[in-house]
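Geometric and topological summary
Spelled out, the chains give:
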2 protein chains.
Amino acid sequence: MSFCCCQKNRKMANAIRFLSADAIEKSNSGHPGMPLGMADVAAVLFTKFMKFNPQDAKWFDRDRFVLSAGHGSMLLYSVLYLLGYPDIGIEDIKNFRQLGSKTAGHPEYGNLAGIEMTTGPLGQGIASAVGMALAERVLNARYGDDLCNHYTYVICGDGCLMEGISEEAAALAGHLRLNRLIVLWDNNNITIDGKVSQSNATDQLKRFRACGWNTLNIDGHNCCQIEKALKKAKKSNRPTLIACKTSIGFGAPHKQGTSKCHGAPLGAEEIAAMRQNLQWDSAPFEIPTDILQSWREAGRRSLGEYQTWKEKAKSAGKEFNDVINNKLPKNWDKDLNRLKEESIRAQTKVATRKASEMCLEKIVPHIPEIIGGSADLAASNLTFVKGMKTITGDDYNGNNVMYGIREHAMAAVMNGMALHGGVIPYGGTFFVFSDYMRPAMRLSALMGIRVIYVLTHDSIGVGEDGPTHQPVEHLASYRAMPGILTFRPCDVVETAEAWQLALESEKEPCILALTRQALPLLRKDCAENLTARGGYVISGDSKNRQATILATGSEVSLAVEAQKKLEEKGIKTAVVSLPCWELFDKQDARYKNSVLGTAPKVAVEAASGFGWEKYVGNNGRIIAMDGFGASGPAGELYKHFGITADNIAKAVEKLVRK
Amino acid sequence: MSFCCCQKNRKMANAIRFLSADAIEKSNSGHPGMPLGMADVAAVLFTKFMKFNPQDAKWFDRDRFVLSAGHGSMLLYSVLYLLGYPDIGIEDIKNFRQLGSKTAGHPEYGNLAGIEMTTGPLGQGIASAVGMALAERVLNARYGDDLCNHYTYVICGDGCLMEGISEEAAALAGHLRLNRLIVLWDNNNITIDGKVSQSNATDQLKRFRACGWNTLNIDGHNCCQIEKALKKAKKSNRPTLIACKTSIGFGAPHKQGTSKCHGAPLGAEEIAAMRQNLQWDSAPFEIPTDILQSWREAGRRSLGEYQTWKEKAKSAGKEFNDVINNKLPKNWDKDLNRLKEESIRAQTKVATRKASEMCLEKIVPHIPEIIGGSADLAASNLTFVKGMKTITGDDYNGNNVMYGIREHAMAAVMNGMALHGGVIPYGGTFFVFSDYMRPAMRLSALMGIRVIYVLTHDSIGVGEDGPTHQPVEHLASYRAMPGILTFRPCDVVETAEAWQLALESEKEPCILALTRQALPLLRKDCAENLTARGGYVISGDSKNRQATILATGSEVSLAVEAQKKLEEKGIKTAVVSLPCWELFDKQDARYKNSVLGTAPKVAVEAASGFGWEKYVGNNGRIIAMDGFGASGPAGELYKHFGITADNIAKAVEKLVRK
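Residues numbered from 1 in each chain as written. Chains lettered and ligands numbered in written order. Predicted model: local features only at pLDDT ≥ 70, side-chain atom pairs only at ≥ 80, totals over all residues. Heavy atoms only, no water.

Taken together, the 95 residues of chain A in the interface contact 95 residues of chain B. By the criterion of area lost to chain B, the three top residues of chain A are Leu99(A), Arg442(A) and Phe610(A), representing 10% of everything that side buries. Scanning the region where chain A abuts chain B turns up eight salt bridges. A salt bridge links Glu167(B) to Arg207(A); the shortest N-O distance between them is 3.4 Å. Linking chain A with chain B are 47 residue pairs in polar contact (both at pLDDT 80 or more), by the criterion used here. The element contributing the most residues to the side of chain A that touches chain B is helix H19 (residues 438-447) of chain A, with six residues. (Contact = heavy atoms within 4.5 Å. Buried area = accessible area lost by both parts, 1.4 Å probe. Salt bridge = Lys/Arg side-chain N within 4 Å of Asp/Glu carboxyl O. Polar contact = N/O pair within 3.5 Å; in protein donor to acceptor, adjacent residues only side chain to side chain. Helix = DSSP H or I, 4+ residues; strand = E, 2+ residues; numbered from the N terminus.)

Laid out in structure tokens, this is it:
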């Protein structure tokens, strides 16, 4: 390995190395290999290239940095501290990985200013960075170079590149020619289980070129090469992958270059040897004054640009400032409210996916931030509405993304867009295929960001495509996931209400589970957004009820049908629609009791019954799916699986007569 | 497009085309585009290359065929019918996509002889085919060319290649140089939403070459080119991707080459025009005698090879015949039973991941079928035990796969291995990252095959790595999934019992959720495999109990601790360990009631409480996680989230005193 000609950068980098090694040692937990290996690259990137202002970490036109290899978190914490971000002090570094500390094991969005996203699950960072780079180009196209003109940088490791999501994301970035995206690959030949060559023989540069990327290959410990490569990458007309050949754990004399330094503290002895090896005399958590000063100066590098931008932004007009501050336009849902009223009047009977399309037609024209899309199912998810325009590599001034058959990248890219800000992403696929994007959905929920998942074909109502295409366990699995709202509306009104809530849900991503098949209009009025309550009595006599029928989505109409049959037999029931369990659970006990009542309960859902006991209680009855679905016409499937108004009515009658 | 010189193959192919188009028309649902587009390729492949015997569809040494683009199911059904598979008649073709029919919307494993796997979710087929090709090479290395010597063919579309899993699988296949794998890509430039170029600019051949594949590029309607390419591919020392340039919906004069024929019936008019265009005079579901005869002859092509193999297999010895017939060796779990006894004697306190390793040490030497592995976490999942040998591209005679950081491909490859037979795969990763493999896990469950998921680091017990690495919703999400058994053992004995059940579970895949942290030995005896009951009273007085504490895995020891505290206060409790809800739910009511009792219940689990109401009832209490975890030492996290013996004891006391 050639040693870097630039002594200063090496010293700057060593500050990262020792902060990282010492913090990991102190916490007796962490991953030193990457921070030590990529310190030279990070030093060049942050002191010579990145545009940011530590005093205003959320500056809209800053460059974004994503540590896709999130286990190397100490690299990021060290850099943020060294640059002078006021949100992080040396005490935070010392508290690495302690409960309540800002310096968590992996970078956590919202924990500390300067963390652009939560990373750790491999491949997510690089894919979400594609979303950031895409949002940047879209807003640049809309508002011009003066207001939006920045780069997205990523540090990733072999793990990120082996994950399939990296391919989806790279292919999309290449297709869209996102040339403001620059990925620095920590090409250290080592994974947790040993040498990369044990599990991989892929020529990564060739692969990325196949996806339409510019690629460069450098010595990641040579600052001149790093600088030259970054300069080149910034001028490329394509996204760039820079393979930085590094030695994992660089500087730790006995462990560098091996998997031993990947995921465990180096040990006191090795750190002492590393001090000698790198000629670093400072005590743990002390940085030589001149080096700290140089870092702090670097932290002030972009202040001029910042001031200029502030002036420009001030005079940029209301829309731009609203957009970057997450303010929805006034009365954005005026047409949506009208749609509800009209649907009640017309008794509109449509699939809720169609209802969603009708909603989007009323929403999209009012909200410039919206960027829709689908993973090659636009015609089924009904996500592309009149007036929308698809974003291409030649013209970013659109509001629809054709994600291709890449559900996982779609979700991760939407995360990146939401994190970038200035846009509100929604994306569609079949509900059952949300499995493909679950890791990214979990991150949406964990980060608490506004991403909207339009998931259609939400039950055996899918019909002939059969069990591979019929979700069963999905509702339960998302209801069990913290931090995400799962809506399953029963008609046009509830669908519109769900859209209203989803767009105003700044801190929680939302799922809209929508039917393939047509559903009757059930709501009688729309004065209040009842979906906001999570659940409510949609039909029947809540005071004198002898039983309560609980349902969501397509099964609410079955419940109402059953109610009529029971009425004929003189049995009074209330039908409760529960479009969003999470919101219902947040209501006060009095409200919940008033909805659920004390009479016996029957729940019905064309999905796994798992979890319904919560509402139905010990003595109720759950009519649901026991196993997977089947291939056949939807109507026949409902009968075959016993999810019918007759069965509901029978179950209620049995409970009531008991 | 050049027309094929071989008139006969075209006619053979047209038989597929019309069976497909007519069946889809009759069912008024389905995907004609692919069967019509790939009919020429399929005709060459099945009449000139594939080795199989319709009379013995499960012939072990047959070539495997995977229709990764499962929506083109009518291609497969047509071929199986034409070749004379007795399991499918013309009536089955006419019943395409009807409830209860063998010819489901997508091919479903087990529905019909000749379907090698369930496909539909894109990318799964190509990835599982890698597992089939790998199993073939492993068994070839063990048992020789006479007994195991076949190819795995795949037909996939653009969708499969855009899915990230295709990259993971391709990279693994390239790394392992699985040259018996031949993928035929239906390169038709069309996806559901239109032209591929709208969402993709990847040079697929270059990408596959970067992954170490051999690639070929042909006209998919020219039978000479198809034949030549397949011959070449069979001789390659690497896996081969053959790009077959086709016209989607070939033959349908007004719709071919467009997305219009992808996923909807062609319509009577277009089919009539297609009859004229392709000079096909036969009525729907009628095949000209000479053509049917040629197909049936092709179906008998491999009979000689079949007979030879049968003879060889007869004299191949017990191990080979047991292995291919899924018979575990006698007394395979003898050492495992001893381990249980010794652990009770020694009161062994270890993490259940360590317990799993101890089990594997006692299992692997006895079961030649086992093929273990991990997605680059072998040292954490403890899946690689002494005596195991890693499979490489130079030496397939091993029993461990280094999957790399490719969880999704790992799961799909395991599916392929299990489907191939002769091997029993298990694979490890962190429980939280099971999200990455969920689509493939769902297929394991849907197909009902023996795949074992070793998922360690199963709760906030992960500690410092924080919420990205701490599963919360995962237990609930798998309990909600049909067809899969989720085990969460509490000590060495339960871990060994879970391994016994998993290895004997031929029809259901199993999850072993295992701890990072050490757990005390709780079981007092091991005469009966109590985990097989799903749940049982592990400690305390089940007759005179005043309360029941329910728990799984690491929380069972907390429950037992709480029990002691309560005992001191004179409160009698029973602690129920519920290592497998699915098995417990299958017990009869009497047994379940005897375990659960009628006293008030407190459940405790370091995970989402979602679903526990089922056992705890209306008046019980659930001590669980309300949201995501956090970064910090594990012990502190348990306290922070209130999952402690003290809290359990308090909750019980409150219920009892009420």
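For the structure shown, the criterion picks out 66 salt bridges over all chains. One salt bridge in this structure joins Asp435(B) and Arg438(A), with 3.4 Å as the shortest N-O distance. On the criterion of chain membership, the pair formed by Asp435(B) in the loop between strand S11 (424-430) and helix H19 (438-447) and Arg438(A) in helix H19 is interchain, its members lying in two chains. Take Asp435(B) and Arg438(A): they sit in the same class, and that class is buried. The salt bridge partner of Arg657(B) is Glu653(B), with a shortest N-O separation of 3.6 Å. With Arg657(B) and Glu653(B) both in helix H27 (residues 645-657) and four residues apart, this pair spans about one turn of that helix. (Buried < 20%, exposed > 50% of the residue type's maximum accessible area, 1.4 Å probe, protein only.)

The next thing to look at is the relation of the copies chain A and chain B. Mapping chain A onto chain B is achieved by rotating through 180° and translating by 0.0 Å along the same axis, at an RMSD of 0.0 Å. Read as a symmetry element, the transformation amounts to a two-fold axis. A share of 99% of the interface residues of chain A reappears at the interface of chain B, consistent with the copies meeting face to face through the same patch. (Least-squares fit on C-alpha atoms with pLDDT ≥ 70 in both.)

The next thing to look at is helix H15 (residues 334-346) of chain B. Residues and elements named next belong to chain B. With 13 residues, H15 extends 18 Å between its outermost C-alpha atoms, agreeing within 8% with the 18 Å of an ideal straight helix rising 1.5 Å per residue. Buried residues of H15: Leu336, Leu339, Lys340, Ser343 and Ile344, and no others. Projection of H15 onto a plane perpendicular to its axis shows the buried side chains occupying an angular sector of 130°, all on one side. For H15, exposure combined with an orientation more than 90 degrees from the buried face picks out Arg345 and Ala346. Residues of H15 that are buried make contact with helix H16 (352-363) and helix H21 (492-504). Following H15 by one or two positions, glutamine 347 has its phi on the positive side, about 50°. (Expected span 1.5 Å × (residues − 1). Arc of directions from axis to C-beta.)

This part is about the environment of Gly398(A). Residues and elements named next belong to chain A. Position of glycine 398 relative to the elements: it lies in the loop between helix H17 (378-381) and strand S10 (400-402). Along the chain, glycine 398 and isoleucine 371 lie 27 residues apart, while their C-alpha atoms are 8.0 Å from each other. What glycine 398 contacts, discounting residues up to four positions off in sequence, is Val138, Arg142, Lys389 and Ile391.

Residue and element names in this part refer to chain A. Sheet architecture is open: five strands sit in the order S16-S18-S17-S19-S20, paired in mixed fashion. Edge positions in the sheet fall to strand S16 (536-540) and strand S20 (621-625), since each of these pairs with one other strand and no more. Averaged over all adjacent pairs, the angle separating strand axes in this sheet is 25°, with direction ignored. For S16 and strand S18 (residues 573-577), the ladder comprises four bridges, and the chain directions are antiparallel. (Pairing = 2+ DSSP bridges. Axes fitted to C-alpha atoms, helices over the stretch in contact; angles between N-to-C directions.)

Residues and elements named next belong to chain B. Inspection of the secondary structure puts alanine 645 in helix H27. As for alanine 645 and alanine 498, which are separated by 147 residues in sequence, their C-alpha atoms are 25 Å apart. Excluding residues within four positions of it along the chain, alanine 645 makes contact with Leu558, Glu561, Ala562 and Lys565.

What follows is about the state of the cysteines. For the structure shown, the criterion picks out zero disulfides over all chains. Counting only cysteine sulfurs, Cys526(A) is the nearest neighbor of Cys359(A), a cysteine outside any disulfide, at a range of 12 Å. (Disulfide = S-S within 2.5 Å.)

This part covers the packing of aromatic side chains. All names here are of chain A. A complete count under the given rule lists 45 aromatic pairs over all chains for this structure. Plain terms: the ring middles of phenylalanine 18 and tryptophan 280 are 5.1 Å apart, the flat faces sit at 10° to each other, and that makes the pair stacked. Taken together, the residues span a long stretch of sequence, with phenylalanine 18 in helix H1 (residues 7-27) and tryptophan 280 in the loop between helix H11 (268-277) and helix H12 (289-299) at a distance of 262 residues. Across this residue pair, the class does not change: phenylalanine 18 and tryptophan 280 are buried. (Phe/Tyr/Trp six-rings, centres within 6.5 Å; stacked < 30°, edge-to-face > 60°.)

Residues and elements named next belong to chain B. Even without being a glycine, phenylalanine 285 presents a positive backbone phi close to 70°. Its location among the elements puts phenylalanine 285 in the loop between helix H11 (268-277) and helix H12 (289-299). Of note, asparagine 326 is a non-glycine position whose phi angle comes to about 60°, a positive value.

A few words on the pairing of strand S1 (residues 64-67) of chain A. All names here are of chain A. The alternating pattern of S1 places Arg64 and Val66 and Phe65 and Leu67 on opposite faces, both of which are buried. Relative to strand S2 (residues 152-156), S1 runs parallel, the two sharing four bridges. From the neighbouring strand, leucine 67 faces S2, where its bridge partner is isoleucine 155.

Ile549(A), Leu550(A), Ile648(A), Ile549(B), Leu550(B), Ile643(B) and Ile648(B) are the most contacted members of the largest nonpolar core, which has 96 residues in total. Each residue touching Ile648(A), except ones within four places of it in the same chain, is listed here: Ile549(A), Leu558(A), Ala559(A), Ala562(A), Val602(A), Val604(A) and Ile623(A). (Core = buried A, V, L, I, M, F, W, Y, C linked by side-chain atoms within 4.5 Å.)

Further remarks concern the confidence of the model for chain A. On average, residues of chain A carry a pLDDT of 97, and 99% of them reach 70 or more. Note on the complex model: pTM 0.98, ipTM 0.98. (pLDDT = per-residue confidence, 0-100.)

For the rest of this paragraph, the subject is the packing of H1(A) against H11(A). Residue and element names in this part refer to chain A. Put simply, H1 and H11 touch, their axes get as near as 11 Å, and they point 165° apart. In terms of their interaxial angle, H1 and H11 are classed as roughly antiparallel. Seen from above, H1 lies across H11 with left-handed handedness. On the side of H1, the interface is formed by Arg17, Phe18, Ala21, Asp22 and Glu25, while H11 contributes Ala268, Ile271, Met274 and Arg275. (Parallel < 35°, antiparallel > 145°, perpendicular 65-115°, else oblique. Left-handed = near helix turned anticlockwise from the far one by under 90°.)

Attention shifts here to the side chain of His31(A). Along the chain, His31(A) turns up in the loop between H1 and helix H2 (33-37). A relative accessible area of 11% means that His31(A) is categorised as buried.

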